[in-house]
Amino acid sequence: MQTLICNRCQRALLIFALLSLGAYEANVIRKIIKDKPETDPKDHKVMSNDSKGKDVPVDIAPPDHMDGVRIMRGGQLNKDFQQEVFLGPEHADFETIPEKEGKRRLMEIFSMADTSKDELLDLDELTAWISLQTEKHFQEALESSKKIFPLIDADGDGIIHWDEYREQFLKQRGYDKKILEDLKNGKSALKPHDEEDYLIYRDRWTRADEDEDDILKEEEFLAFLHPEHCKTMLNLLVDELLHDFDANGDSKLSLSEFVSMPMMDSEELEKAAEEDEWVKERLKEFRENMDLNHDNICDKEELEAYLDPRNRQHAEGEARHLIGSADDNEDGKLSPREVLRNYFVFIGSKLYNYGRNVHDEF
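These lines cover the structure that appears in this document, whether it is placed above or below. (Residues numbered from 1 in each chain as written. Predicted model: local features only at pLDDT ≥ 70, side-chain atom pairs only at ≥ 80, totals over all residues. Heavy atoms only, no water.)

## Concerning the layout of surface pockets
Here the second largest pocket defines a volume of roughly 990 Å³. If you trace the second largest pocket, you find 30 residues lining it, with R70, Q82, K284, E318 and H321 closest to the centre. When residues of the lining of the second largest pocket are traced back to their parent elements, those giving at least two are helix 3 (81–87), helix 13 (277–290), helix 14 (300–307), helix 15 (312–326) and helix 17 (343–347). For the lining of the second largest pocket, the element with the most residues is helix 13, which contributes 7 residues. Grouping the amino acids of the lining of the second largest pocket by side-chain chemistry returns 8 nonpolar, 12 polar and 10 charged. (1 Å grid on protein atoms, 1.4 Å probe; cavity = no way out; pocket = protein on both sides within 12 Å on 5 of 7 lines; lining within 4 Å. Points joined across faces, edges and corners; volume = space filled by probe spheres on them. Helix = DSSP H or I, 4+ residues; strand = E, 2+ residues; numbered from the N terminus. Nonpolar A, V, L, I, M, F, W, Y, C, P; charged D, E, K, R; others polar.)

## What to know about helix 10 (residues 234–245)
In this model, helix 10 (12 residues) spans 17 Å end to end at C-alpha, consistent with the 16 Å of a helix rising 1.5 Å per residue. With 9 of 12 residues buried, helix 10 is to be regarded as a mostly interior element. (Expected span 1.5 Å × (residues − 1). Buried < 20%, exposed > 50% of the residue type's maximum accessible area, 1.4 Å probe, protein only.)

## Details of empty space enclosed by the protein
Tallying each qualifying case throughout the model produces 1 cavity of 30 Å³ or more. One number sums up the size of the largest cavity: a volume of about 90 Å³. Taken together, M66, I71, M72, R73, G74, G75, L237, E240, L241, D244 and L307 form the lining of the largest cavity. Sort the elements by how many residues they give to the lining of the largest cavity and helix 10 lands first, with 4 residues. The residue makeup of the lining of the largest cavity, split by class, is 6 nonpolar, 2 polar and 3 charged.

## Topic: the packing of aromatic side chains
Inspection of the entire model under this criterion finds 16 aromatic pairs. Centre to centre, the rings of F149 and F221 are 5.7 Å apart; their planes meet at 75°, and the pair counts as edge-to-face. Here F149, found in helix 5 (residues 123–152), pairs with F221, found in helix 9 (residues 218–225); they are 72 residues apart in sequence, far enough to count as distant. Each ring, one from F258 and one from F286, has its centre 6.0 Å from the other, and the planes form 40°; the classification is tilted. In this pair, F258 is assigned in helix 11 (residues 255–258) and F286 in helix 13, connecting sequence segments 28 residues apart. Look at F258 and you get buried, because its relative accessible area is 0%. Since its relative accessible area comes to 0%, F286 is described here as buried. Three or more aromatic residues joined by ring pairs make a cluster, and in this case those are F149, W162, Y165, F169, Y198, Y201, W205, F221 and F224. A cation sits over an aromatic face here: K191 above Y175, 5.5 Å from the ring centre. Seen from the ring of F138, R310 lies directly overhead, with NZ or CZ sitting 4.1 Å from the centre. (Phe/Tyr/Trp six-rings, centres within 6.5 Å; stacked < 30°, edge-to-face > 60°. Lys NZ or Arg CZ within 6 Å of the ring centre and 35° of its normal.)

## Things to note about the nonpolar core
Membership of the largest hydrophobic core comes to 53 residues, with the highest contact counts inside it found for Y165, F221, F224 and L253. Top contributing element to this core by residue count: helix 10, with 7 residues. The residues contacting F224, other than those within four sequence positions of it, are P62, Y165, Y201, R204, W205, A208 and L216. Membership of the second largest hydrophobic core comes to 24 residues, among which are A113, I130, L322 and I347. (Core = buried A, V, L, I, M, F, W, Y, C linked by side-chain atoms within 4.5 Å. Contact = heavy atoms within 4.5 Å.)

Quick look at the structure:
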């Protein structure tokens, strides 16, 4: 016998489960809900023409993955970060091309980054190169935003009303005209995962709307889709991260909260890290890249610096990491030979990361 449960009851049961379990299990539940929508949004995307004139689906929702940012929406670490900031927007190509071609391209990158032309990459050159790739990601986000904008701006007046975006967003999630009308009249409700996204996007829209008219111009729409590239929107990303991990509501992140084990002390976390690669990675990320003053707490200022892709500290930190990983003769610089010898360090490798990816799947 099948038992039907209303949306409100389902939500109440979910909240009870989240409160009853530890933060780690709560995040797992939250991820399962978000990753398995009841309707596949791919079937309802806005269509656009690609470079060959072929219709292709375009997702109008803000992306979960932010190129050049160390963490994704929902709190997962960006495992492609190193490749994104060193190889730039073409980083994905290196996973599919033959190694010989990859090494040739890598040497082209080396030559462009080597501004002194002494066939060595020092810290300043590598930092400058990484900063340049971050700017390329910004330009890519800008182009993407400009492409999506006219698809939503149905009347072509150069601005997007919230009602225009809401209708397209809900259509993309599989709601037809009848359901949209029922939603307006209060006769229907959004599915739980859609309601969560809807509230988040509504908040983003309001914050991106600088003149508070519920209308977004092109530059405001860029801030809506890619808040990581807008200084005034970084606090939104901070709030979203705190929403996911700040268990005690003090507007800060402790080490244990970021690892999703808020009840553990430092000694227990260290023990957990020995047994769990996921915990180990998050401890490392918190200590090396987030907690700038090393007090085991990240306040909003530290979180904003962490989430800002244009923060020079990220570029310099990644440059130091790459030199530390590939500087075989320990002279503080990278030679072409050292870069080629450590090819997979620079281009990333799905095989190299296989163990961690399998853990994330479970």
